[in-house]
Each structure stands twice: as structure tokens, then as C-alpha cells.
Amino acid sequence: MDYVTLASLLADAGADGIPPATPKKIPNLDGTVSKLFGYGLWLLVLAGAGATGFGVFKLAVADKSRNGGGSEPFKWMGGGIAAVLLAGSLITIINGIAA
């Protein structure tokens with residue numbers, strides 16, 4: 001069995017359980033406000049991913065001695081993960097309201 005056949009089998013098996021992703025308009029929130037809100041949530045996701053990556057970078061190059069500031073990379077990573085979770089939950093709530 002090659003990878004193409006395996007990928008097509010997995011896609012066929014998953015297609016039955018996953019609903020189609022069609023965006024829905026939120027009532028009374030059309031036009032510019034809706035676009036800016038959507039872009040703002042995606043920017044929050046990107047900022048969270050960037051902060052998490054920066055925290056991983058700071059952890060990799062941090063001074064590992066006893067007097068180094070060891071908690072700062074974890075603050076960056078925790079803040080980034082919190083931002084991604086916040087944006088994800090807001091996107092989920094809005095999709096639930098619009099459905």
C-alpha cells in the first residue's frame with residue numbers, strides 16, 4: 001500500500017464525520033465590523049503563536065546558571081498559549097452563535 005492510497009482512505013474515512021466548514025454571518029454584525037473582528041481574532045492567534053515561538057527561542061539561548069532569569073521564557077510561552085486558547089474559544093463561541 002502506497003502513501004497516496006493510504007491518504008485517500010484516511011480522507012474518505014474522515015469525510016463522513018466532519019461537517020463542512022461553511023462560514024455563517026452573525027446576525028446584526030455584517031460588513032466592516034465583521035471583517036475587522038475576524039481579522040482581529042486571526043491576528044491574536046498569530047501573535048500567540050509568535051510569542052510561544054519566541055519563548056522557545058529564549059529558553060534555548062537562556063543562561064542556564066543558577067542566577068539566570070529562568071522564568072521569563074515560560075512567561076512568553078504561557079502568554080502565547082493563553083492568547084491562542086482565548087482566540088480559539090472566541091472563534092468557537094461566535095461560530096456557535098452564528099449557527
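### Notes on the overall build of the chain
Here is step 1 of the chain: In terms of helices and strands, the chain carries 3 helices and 0 strands.
Here is step 2 of the chain: Along the chain, helices (α) and strands (β) appear in the sequence α-α-α when read from the amino end.
Here is step 3 of the chain: Considering the chain as a whole, with its 99 residues, one finds that 14% of them fall into the buried category.
Here is step 4 of the chain: For the chain, restricting intrachain contacts to residue pairs at least 6 apart in sequence, the fraction spanning at least 24 positions comes to 68%.

### What to know about the environment of Val56
Here is step 1 of the chain: As for its position among the elements, Val56 is in helix 2 (residues 32-61).
Here is step 2 of the chain: By relative accessible area, which is 46% here, Val56 ends up partly exposed.

### Side note on the packing of aromatic side chains
Here is step 1 of the chain: In total, this model carries 2 aromatic pairs according to the counting rule given.
Here is step 2 of the chain: An aromatic cluster is built from Phe54, Phe57 and Trp76, whose rings are joined through pairwise contacts.

### Examining the pattern of salt bridges
Here is step 1 of the chain: According to the stated counting rule, one finds 1 salt bridge in the structure shown.
Here is step 2 of the chain: When the shortest N-O distance is used, the salt bridge between Glu72 and Lys58 registers 3.7 Å. In this pair, Glu72 sits in helix 3 (residues 72-98) while Lys58 sits in helix 2, placing the two residues 14 residues apart along the sequence.
Here is step 3 of the chain: Residue classification places Lys58 among the partly exposed positions, given a relative accessible area of 22%.

Definitions and limits used
- Residues numbered from 1 in each chain as written.
- Predicted model: local features only at pLDDT ≥ 70, side-chain atom pairs only at ≥ 80, totals over all residues.
- Heavy atoms only, no water.
- Helix = DSSP H or I, 4+ residues; strand = E, 2+ residues; numbered from the N terminus.
- Buried < 20%, exposed > 50% of the residue type's maximum accessible area, 1.4 Å probe, protein only.
- Contact = heavy atoms within 4.5 Å.
- Phe/Tyr/Trp six-rings, centres within 6.5 Å; stacked < 30°, edge-to-face > 60°.
- Salt bridge = Lys/Arg side-chain N within 4 Å of Asp/Glu carboxyl O.

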